[in-house]
Amino acid sequence: MASDDIAQLADALSKTHVGDGELSFKGLGLKLDDSESELLGKIEQYPGLRALRLEGNTVGVEAAKAIAKALESKDQLQRCYWSDMFTGRLRSEIPTALMCLSGALMSAGARLTELDLSDNAFGPDGVKGIEQLLRSPSCHTLRELRLNNCGMGIGGGKILAEALIECHKKSTAVGSALRLKVFVAGRNRLENDGASALAKAFQLMGSLEEIHMPQNGINYAGVMALASAIRHNPELQVLNFNDNTFTKRGTLAMAQALRHLRNIQVINFGDCLVRSEGAIALAAVLTEGLPVLKELNLSFGEITAGAALVVAQAVLDKPHMEKVNLNGTSTHQWTESLSSLFLYSEDEGEPDDEEDEDSDAGDSDGSDECYETGECEEIVKENGMNGGESPEKPQSQVSKSQAYPICPILGCHSFFFLLNHFGRLELQAFIFPNPQAEILSFLSHPSAEKLSHMKMNLQQEGKVKKVPLVPGQLLCLEHAVQQEYFTQDHASVLHTLLSRNGDALKSCSSAKDRLSSALEKKSHKYH
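The following refers to the structure shown.

Parameters at a glance
Residues numbered from 1 in each chain as written. Predicted model: local features only at pLDDT ≥ 70, side-chain atom pairs only at ≥ 80, totals over all residues. Heavy atoms only, no water. Helix = DSSP H or I, 4+ residues; strand = E, 2+ residues; numbered from the N terminus. Contact = heavy atoms within 4.5 Å. Areas by Shrake-Rupley, 256 points an atom, 1.4 Å probe, with all protein chains shown as cover. Axes fitted to C-alpha atoms, helices over the stretch in contact; angles between N-to-C directions. Parallel < 35°, antiparallel > 145°, perpendicular 65-115°, else oblique. Nonpolar A, V, L, I, M, F, W, Y, C, P; charged D, E, K, R; others polar. Core = buried A, V, L, I, M, F, W, Y, C linked by side-chain atoms within 4.5 Å. Buried < 20%, exposed > 50% of the residue type's maximum accessible area, 1.4 Å probe, protein only. Salt bridge = Lys/Arg side-chain N within 4 Å of Asp/Glu carboxyl O. Phe/Tyr/Trp six-rings, centres within 6.5 Å; stacked < 30°, edge-to-face > 60°. Lys NZ or Arg CZ within 6 Å of the ring centre and 35° of its normal. Polar contact = N/O pair within 3.5 Å; in protein donor to acceptor, adjacent residues only side chain to side chain.

## Re the overall build of the protein
The helix and strand tally for the protein stands at 20 helices and 14 strands. Residue pairs at least 24 apart in sequence account for 84% of intrachain contacts in the protein once pairs closer than 6 positions are excluded. Entry remark: accessible area of the protein is about 23,200 Å², with carbon and sulfur atoms responsible for 46%.

## What to know about the packing of helix α3 (residues 61-71) against helix α4 (residues 93-108)
When two helices pack together, their arrangement is given by the angle between the helix axes and the distance between those axes. Contact geometry of α3 with α4 gives a least axis separation of 8 Å together with a crossing angle of 5 degrees. What the angle tells us is that α3 and α4 run roughly parallel. Seen from α3, the contacting residues are Val61, Ala64, Lys65, Ile67, Ala68 and Leu71; seen from α4, they are Glu93, Thr96, Ala97, Cys100, Leu101, Ala104 and Ala108. Residue composition of the contact of α3 with α4, grouped by class: ten nonpolar, one polar and two charged.

## Regarding the nonpolar core
Side chains of nonpolar character tend, in soluble globular proteins, to be buried together. Phe183, Met213 and Phe269 are the most contacted members of the largest nonpolar core, which has 125 residues in total. The greatest single-element share of this core, amounting to eight residues, is contributed by helix α10 (residues 275-288).

## Regarding the pattern of salt bridges
The full count for this structure, using the stated rule, is 13 salt bridges. For Glu144, the salt bridge identified is with Arg146, shortest N-O distance 2.7 Å. The class for Arg146 is partly exposed, based on a relative accessible area of 27%. Between Glu288 and Arg259 there is a salt bridge, and its shortest N-O distance comes to 2.9 Å. Of this pair, Glu288 sits in helix α10 while Arg259 sits in the loop between α9 (247-258) and β12 (266-268), and the two are 29 residues apart along the sequence. Residues participating in the shared-partner salt-bridge network are Glu131, Arg135, Glu166 and Lys170.

## Some thoughts on the packing of aromatic side chains
Scanning the entire structure with this criterion turns up four aromatic pairs. Ring centres 6.3 Å apart and planes at 20 degrees place the aromatic pair Phe241 and Phe269 in the stacked group. In this pair, Phe241 is assigned in the loop between β11 (238-240) and α9 and Phe269 in the loop between β12 and α10, connecting sequence segments 28 residues apart. Exposure class is identical for Phe241 and Phe269. Each is buried. With a centroid separation of 4.9 Å and an interplanar angle of 50 degrees, the aromatic rings of Phe246 and Phe269 are classed as tilted. Taken together, the positions of Phe246 in the loop between β11 and α9 and Phe269 in the loop between β12 and α10 put the pair 23 residues apart, joining distant regions of the chain. Note on Phe246: relative accessible area 0%, which makes it buried. What makes Phe269 buried here is its relative accessible area of 0%. Three or more aromatic residues joined by ring pairs make a cluster, and in this case those are Phe241, Phe246 and Phe269. Looking at Arg53, its charged tip hangs above the ring of Tyr81, at a distance of 3.8 Å from the centre.

## Focus: the side chain of Arg89
Following the sequence through the fold, Arg89 ends up in the loop between β6 (79-81) and α4. Taking the relative accessible area as the measure of exposure, Arg89 reaches 16% and is therefore buried. Polar side-chain contacts of Arg89 include one of 3.1 Å to the backbone oxygen of Leu32. A polar contact is formed between the side chain of Arg89 and the side chain of Thr58, at a distance of 2.9 Å. Excluding residues within four positions of it along the chain, Arg89 makes contact with Lys31, Leu32, Asp33, Thr58, Val59 and Gly60.

## Structural notes on helix α11 (residues 305-315)
Among the eleven residues in α11, eleven count as buried, and that is most of the element. When α11 is considered as a whole, its buried residues turn out to be Ala305, Gly306, Ala307, Ala308, Leu309, Val310, Val311, Ala312, Gln313, Ala314 and Val315.

Okay, structure coming up:
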């Protein structure tokens, strides 16, 4: 080595951190191409080595072989922080380097608890480089596996899943089953097949506390497989599937899985297209469970304002809640509604008079939308508002009907779901040309003749489809019942439906009790 290189290396090594069994070369920017390095001496001479940090350097094949030789005597090594370790290296070099290092750990008889190989773009071939290590006794004790941004692809995901499954089987056979707690594999292009393969490993282990798999191109098929697996991991605390594609089917499956979990603290389904119906299903789970939830991210999921409001209400009673992210909600009423919900009581505060010029811009495909712009304008008019103008406000107060312009739609939507579920009205949700106006007209004239006439028309047109009831609709109604537009007559009809169909609501008992309580309060108000 040239004298200048030696001086530079000596200066870098002077910054090396040593302590608590950890030897760190983190972020030194060393380019290690051969075996002639003082770094090797540091490793060889360090007694009781438990953790080795090599991240932020670049290791060639020859250097990897030399480091491996130094590690062959380190049987106490438990934590390998080897992220961002192959910058500038050929992709063909990386598997060889990883095989050398893996072989050394197995030869030494090390028992790893943490392995971090994130930010190494090694692809499926790189996974093959650590495959034998993951199958070996050295990983029977593994607790944290971090492979973020490695470009594993579908093939790499399948190899990884098979290795973890075999590791679990072998470790179980010797009486000490693999109990992986943290799994990180974001930005790996796993897609459905890779995610489904890993789901089998997750279900088998049943010990996970954190799963981070953002940006993997997973759609509902892969999400459903993961949902099936997570219900077998009761200690889960963090779920991060940001920027995958759930759609309604995936979200409903995930909502069902969440009912089996009591320790979830962080849910990140942001940018996952959970859609409105999925959001309402998640709100029902929030209402009935998830007692220690701290963070919820459903941002940019093509959720309507009404559905977002239901979610917001569902988290109000969570004592540990710290952060709720509902950015990117589809309709412009959301900002005003959420502000009213959290910031204004009946007799204090006013929402902003100005409307956002871009508020009507939305990127939804409409498949799960409940409200169209023109229809919302009609609802606004019927609630005492004029088109694009701000609602008239009595001096310093805002009435609840003005603060929640979307709620009549939300309540009626749920009202019809409820009627349909009980077979009183076989109704496909929102098949009218102008559904909001029609439903409001129905609520304004709640007569048996009106109901029968609508039912007859629908049956004649052949537009009959039974729609299942979920707790989310009852939560919508609970909110709607408390508003001024929901009259005592409407409340009486709804109370009759609830009282006569108790068996049909067994699956929604908690939401039903809340709705019944709201109806009783409504009745007392008028008597």
